[in-house]
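Coordinate inspection notes
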Amino acid sequence: EVKNLEEIFEARIARDEKIEPKDWMPEKYRKTHIRQISQHAHSEIIGMLPEGNWITRAPSLRRKAALLAKVQDEAGHGLYLYSACETLGVSRDELYDQLHSGKAKYSSIFNYPTITWADIGAIGWLVDGAAIINQVPLCNTSFGPYARAMVRVCKEESFHQRQGYEIMLTLCRGTEEQKAMAQDALNRWWWPSLMMLGPTDAESVHTEQSMKWKLKRKSNDELRQQFIDQTVPQADILGLTIPDPDLKWNEETGHYDFGEIDWEEFWQVVKGHGPCNKERMSARVNAWNNGEWVRDAAMAYAEKKEANKLK
Ligand code: 3HC
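Residues numbered from 1 in each chain as written. Predicted model: local features only at pLDDT ≥ 70, side-chain atom pairs only at ≥ 80, totals over all residues. Heavy atoms only, no water.

Brief notes about the overall build of the protein chain
Which entries qualify depends on this criterion: Working definition: helices are DSSP H or I runs of at least four residues, strands are E runs of at least two. Numbering for both runs from the N terminus. Here the radius of gyration uses the C-alpha set of atoms, whereas the globule reference equals 2.2 Å times the residue count to the power 0.38. Here's how the labels work: a residue is buried when its accessible area is under 20% of the maximum for its type, exposed when over 50%, partly exposed in between, all with a 1.4 Å probe on protein chains only. Per-residue and other accessible areas follow the Shrake-Rupley method at a 1.4 Å probe size, with only the shown protein chains counted as cover for residues.
Counting secondary structure elements, the protein chain contains 12 helices and two strands. In summary, the protein chain has a C-alpha radius of gyration of 21 Å against a globular reference of 19 Å for 311 residues, a match within 12%. A buried classification covers 49% of the 311 residues belonging to the protein chain. Per element, the accessible surface of the protein chain, about 15900 Å² overall, is 57% carbon and sulfur.

Put into C-alpha cells, the structure is as follows:
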C-alpha cells in the first residue's frame, strides 16, 4: 500500500537510518533540532567566557597553552554546531540575533563565575565531564550532521576533561591552601553541574518526543545518574568531599543515591537571573558590535579576491 511521507520517515527512524538535510522530515522534527542544536552551539560560545577569564592568569605556560587550546576548541565546536543547524534552513545571522537578543537559551552552567584558578580545574573535570556524558549518546542521534559533529566534539572534550582533572589533582597534592581552593571550587560547581543535564524526566517537556525521534538516546535523569556514579570515585581519589550529605552508595540499585536538587535555582538561572547572565550577554553583544569591522573587512577581502579570480 502507498505509505505517506510520515510513515516512510518513521520507518527510517525505526531502522536507525540517518536523516540528512535534504531528506523529507516532519516540520516539528526540523524545529526541535534547530532548537537543540542552536542552544548547544550558543552554549559552546558562551562557555568560552568563564574559561577565557583565566587565560592571562594561568599559573604556568603549560596551563595557559592547555586552556588556550580548550577555549579555541569550544569556539570550533560552536561553529561546527552552527553549521549543522544551518543545514535545517536557518541562517547564522538569525541564530546570533536570537542569542544576542536574549531570546535563545544556552546551558545554565555558564552563568556561574570563575572565582579562582581551581574553577578552571572544576569546569574541565565536572562540566566537560557532564558534557561528555551528554554528548556521547548524541553521536548516535538520528540527524546526520548533528551525529557527525558530535563524534569530533567528543574526542576533544575528553582532552578538556583530563586537563581539568589534572589541575584538580595538582592542587589536591599541593599546599593546604591549594587543596582548600579545589574543595571550594567543587562546592560551588557540583550542584550546577547536575542541573546542566536538564530538569528531571518528570519535568522534561521534550524528552518523550526527542526519544521517539532518536534525538535523545538517554533521559536527563539517566545521564545525571551516570555522571554522579562516574564522578564520586574521582572525588575520592582527589580526597575531596562532594557537597551532598545525602550522597550514599546504594548496594541494591548499584548507583549512588543523592540529595534534592534546587530546581528553583535552576529555573532562575535559565530565566536569566543567574550570577553572570547579564555579564555573559553584554560580553557577547560587545564582542559582536566591536567585531563588526573585522567581519566587514573579511567580506570585502573575500569579494575582492572573488572579483580578481573572475578577471
Ligand atoms: N540550561 C538551560 N536550559 C536548559 C537546560 C540547561 N542546562 N536544560 C534544559 N533546558 C531547557 C530546555 O532547552 C527546554 O527549554 P526550551 O523548550 O525553551 O528549549 C527546557 O529547559 C526543558 O528541558 P528538556 O529536558 O525538556 O529539554 P531537552 O530535551 O532539550 O534537554 C538538554 C535538555 C539535555 C540540555 C538537551 O537539550 C541536550 O542534550 N542538548 C545538547 C547538549 C548541550 O546543549 N549541552 C550544553 C552544554 S555544551 C558544553 O557543555 C560545552 C562543553 O565544551 C563544556
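Some words on the site of the ligand
To keep it simple, the criterion reads: We call a residue near a given molecule or strand whenever any one of its heavy atoms falls within 4 Å of it. We define a polar contact as two N or O atoms separated by no more than 3.5 Å, with the added condition that, inside protein, one atom must be a possible hydrogen donor and the other a possible acceptor, whereas residues neighbouring each other in sequence contribute only through side-chain atom pairs. Polarity classes work like this: nonpolar for Ala, Val, Leu, Ile, Met, Phe, Trp, Tyr, Cys and Pro, charged for Asp, Glu, Lys and Arg, and polar for all others, with Gly in that last group.
In the vicinity of the ligand there are 32 residues, among which Gln39, Glu74, Lys105, Glu157 and His206 approach most closely. The contact in question runs from a nitrogen atom of the ligand to an N or O atom on the backbone of Met196, over 3.0 Å. Taking 1000 Å² as the accessible area of the ligand by itself, protein coverage stands at 91%. Among the secondary structure elements, those contributing two or more residues to the shell around the ligand are α2 (27-52), α5 (118-135), α6 (144-172), α7 (176-196) and α10 (263-273). Examining the composition of the shell around the ligand, we find that six residues originate from one element, α2, more than from any other. Class assignment for the residues of the shell around the ligand results in 14 nonpolar, 11 polar and seven charged.

Concerning the packing of helix α3 (residues 61-86) against α5
Counted only if it meets this: Axis definition: a line fitted to C-alpha atoms, over the contacting stretch in the case of helices. Angles run 0 to 180 degrees between N-to-C directions. Roughly parallel refers to an angle under 35 degrees, roughly antiparallel to one over 145, roughly perpendicular to one between 65 and 115, and oblique to any angle outside these ranges. The hand of a helix crossing depends on one turn: near helix anticlockwise from the far one by less than a right angle means left-handed, and clockwise means right-handed. Residues are treated as being in contact if the distance between any of their heavy atoms lies within 4.5 Å.
The interhelical angle for the contact between α3 and α5, taken along N-to-C directions, is 40°, at an axis separation of 12 Å. Overall, the two elements α3 and α5 adopt an arrangement that is oblique. In the crossing of α3 with α5, the sense of the turn from one axis to the other is left-handed. Each of Leu67, Lys70 and Glu74 in α3 lies in contact with α5, whose residues at this interface are Ile120, Ile123, Gly124 and Asp128.

Details of the packing of aromatic side chains
Heads up, the condition is: Two aromatic rings, drawn from Phe, Tyr or Trp (for Trp, its six-membered ring), form a pair once their centres lie within 6.5 Å of each other, and the interplanar angle then sorts them: stacked below 30 degrees, edge-to-face above 60, tilted otherwise. Here, a charge over a ring is recorded when the distance from Lys NZ or Arg CZ to the ring centre is within 6 Å and its angle to the ring normal is within 35 degrees.
All chains considered together, the criterion is met by 12 aromatic pairs. Seen in terms of ring centroids, Phe266 and Trp267 are 4.8 Å apart; in terms of plane orientation they differ by 75°. Their pairing is edge-to-face. Given a relative accessible area of 6%, Phe266 falls into the buried group. Joined through ring pairs, the aromatic side chains of Phe9, Trp24, Tyr29 and Trp213 make up one cluster. In this structure, Arg152 packs its charged tip against the face of Tyr80, placed 5.2 Å from the ring centre. Across from the ring centre of Trp288, 3.6 Å away, lies the NZ or CZ of Arg295, which sits over that ring.

Looking at helix α9 (residues 220-238)
The criterion, for reference: Take the number of residues in a helix, subtract one, and multiply by 1.5 Å to get its expected span.
Relative to the 27 Å expected for 19 residues at 1.5 Å per residue, α9 spans 27 Å between its end C-alpha atoms, a close match to the ideal helical length. Looking at the packing, one finds that the buried side of α9 touches α5, α6, α7, α8 (207-212), β2 (255-257) and α10. Looking at the residues trailing α9, positive phi occurs at Gly239, about 80°.

Points about the environment of Gln268
Within the element layout of this structure, Gln268 appears in helix α10. With relative accessibility at 30%, the residue Gln268 sits in the partly exposed group. Separated by 160 residues in sequence, Gln268 and Ser108 place their C-alpha atoms 9.5 Å apart. If near-sequence neighbours (up to four positions away) are discounted, Gln268 is found in contact with His273 and Gly274.

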